[in-house]
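Close look at the chain arrangement
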Amino acid sequence: MRFTISSRVIAIILSLLVAGVLTTLAWVAPTLTLQDGVLAAGITVAACFLLLYLMFEALIFREINNIYEGLENIKRKEFRRMSSKFLFRPEPLKRMRDEILDMAQRRQQEIDELKRLQVLRREFLADVSHELKTPIFAAQGFVHTILDDDDVDEFTRKKFLQKAASSLDALDALVQDLVTISQLEKGVVRMRRQKFDIAQLVRDIFEQLEMKATARHVELALVSPTATPNEPLQVVADRNRIRQVLINLIDNAIKYGREYGHVTVTLTESGKGIRISVQDDGEGIPKQHQNRIFERFYRIDKSRSRESRNAGGSGLGLAISKHIVEAHKSTIRVRSELGQGTLLEFKLPKSKGPVVVPTAQE
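Residues numbered from 1 in each chain as written. Predicted model: local features only at pLDDT ≥ 70, side-chain atom pairs only at ≥ 80, totals over all residues. Heavy atoms only, no water.

We now examine the pairing of strand β4 (residues 262-270). As judged from the 5 bridges shared by strand β2 (residues 219-223) and β4, these two strands associate in the parallel manner. Each residue of the ladder has a partner; that of Val223, found in β4, is Thr266. The sheet contact formed by β4 and strand β5 (residues 273-280) spans 8 bridges and is antiparallel. If you follow Glu269 over to β5, its bridge partner there is Ile274. Linking β4 back to β5 in an antiparallel pair, the connection comprises 2 residues, with Gly271 at a positive phi of about 65°. (Pairing = 2+ DSSP bridges. Helix = DSSP H or I, 4+ residues; strand = E, 2+ residues; numbered from the N terminus.)

Right, dumping it as structure tokens:
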């Protein structure tokens, strides 16, 4: 156990020692000759000087050593070992020590955060370059094949041009998604909130994705507290943006769910809001990946990334959905167990006013 003495205790000890020396001098001074008195006074001054020097030297060096020890703990990220952190200290040296350690801890945390962001930036640039290369090289290959071979017949030429156009369309979709997520992160995209029927929106999306679901023999189902389509379930949100979120979630559920399976969208009244959940019956997501599936271009495994590219996905759907939902003051939550499927859900505020019927442009 480490023994420490505060500056107050040191001051008291120092005062007692000086008082003792001066008292001794005052007691013996009347009995001394002039020469002996001068000698005694010199010895007293020297003794007081040594006492002051040793005491303050010990105090200052001790505090400096404590500061160095605290800085070493910060470098090792052992913040719990820092003593007297954020406590009020009337002693100036300890107050200075606490301020230095506090500043050093904040700087170390900033450095750690910058390192983390640098790693994410490198990963993002690598992922973007990889995703951009695929459609660019594909389109480049088809176009150069046509240009380099004069004997290509009209049917083959048109087929290659169609494939090149498809690759460029995929590239355009990727760039548009990158622009969208950049704008969402900067907060420059404003949500145009309006009242609309969330149940009807889900039915419209089911019709849009029906062919994809049929291709994988997936049954789409809506569970809503309203008994019939004539009973609207109103929410207040940006209809087009929420449509984008639901398309991403339902499309992923169809894509990664079990073939000959089910995808269920459940609408539940929860307090002043409507909870929207999308459930599939696929393989599920391992625990270590669940907190990262909303990162840009994050891949759980290579087979999923290949399947996503083949299906025309940009790898940004969930990241965009996360930002849109957060712009509505909500959060997408994921619940998944291996072999039991995945559930993604978020909440929107409900409204009791009249429904705004969407126009053809929406």
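Across the 11 residues that make up helix α10 (residues 317-327), a large majority, 8, are buried. Every buried residue of α10 is listed here: Gly317, Leu318, Ala319, Ile320, Ser321, His323, Ile324 and Val325. Remark: Lys329 follows α10 within two positions and exhibits a positive phi of approximately 60°. (Buried < 20%, exposed > 50% of the residue type's maximum accessible area, 1.4 Å probe, protein only.)

Among the 8 residues of β5, 6 are classified as buried, and the element is accordingly described as predominantly covered. With 7 bridges connecting them, β5 and strand β7 (residues 342-349) associate as antiparallel partners. Paired with Gln279 across the strands is Leu343, a residue of β7.

Counting 49 residues, the largest nonpolar core has Ile198, Ile242, Leu246, Ile250, Ile276 and Phe346 as the members making the most contacts within it. Of all the elements in the fold, those that place two or more residues in this core are α4 (154-186), α5 (198-208), β3 (234-237), α7 (239-256), β4, β5, α10 and β7. Among the elements that take part in this core, α7 stands out by supplying 8 residues, more than any other. For this core, the domains that each give at least three residues are domain 2 (122-186) and domain 3 (193-349). Not counting the four nearest positions on each side in its chain, Ile242 is found in contact with Phe196, Ile198, Leu201, Ala237, His328, Phe346 and Leu348. (Core = buried A, V, L, I, M, F, W, Y, C linked by side-chain atoms within 4.5 Å. Domains from an automatic or database assignment. Contact = heavy atoms within 4.5 Å.)

Let's shift gears to the environment of Val152. Within the secondary structure layout, Val152 lies in the loop between α3 (92-148) and α4. The class of Val152 is buried, set by a relative accessible area of 13%. Sequence-distant contacts of Val152, defined by excluding residues within four places in its chain, comprise Thr145 and Arg157.

This brings us to the packing of α7 against α10. Axis separation between α7 and α10 bottoms out at 9 Å; the angle between their running directions is 140°. Between α7 and α10, the interaxial angle falls into the category oblique. Seen from above, α7 lies across α10 with left-handed handedness. Between α7 and α10, the residues in contact are Arg241, Gln244, Val245, Asn248, Leu249 and Asn252 and Gly317, Leu318, Ile320, Ser321, Ile324 and Val325, respectively. Broken down by class, the residue content of the contact of α7 with α10 amounts to 6 nonpolar, 5 polar and 1 charged. (Axes fitted to C-alpha atoms, helices over the stretch in contact; angles between N-to-C directions. Parallel < 35°, antiparallel > 145°, perpendicular 65-115°, else oblique. Left-handed = near helix turned anticlockwise from the far one by under 90°. Nonpolar A, V, L, I, M, F, W, Y, C, P; charged D, E, K, R; others polar.)

Treat this as a map of the structure, not an account of what it does.
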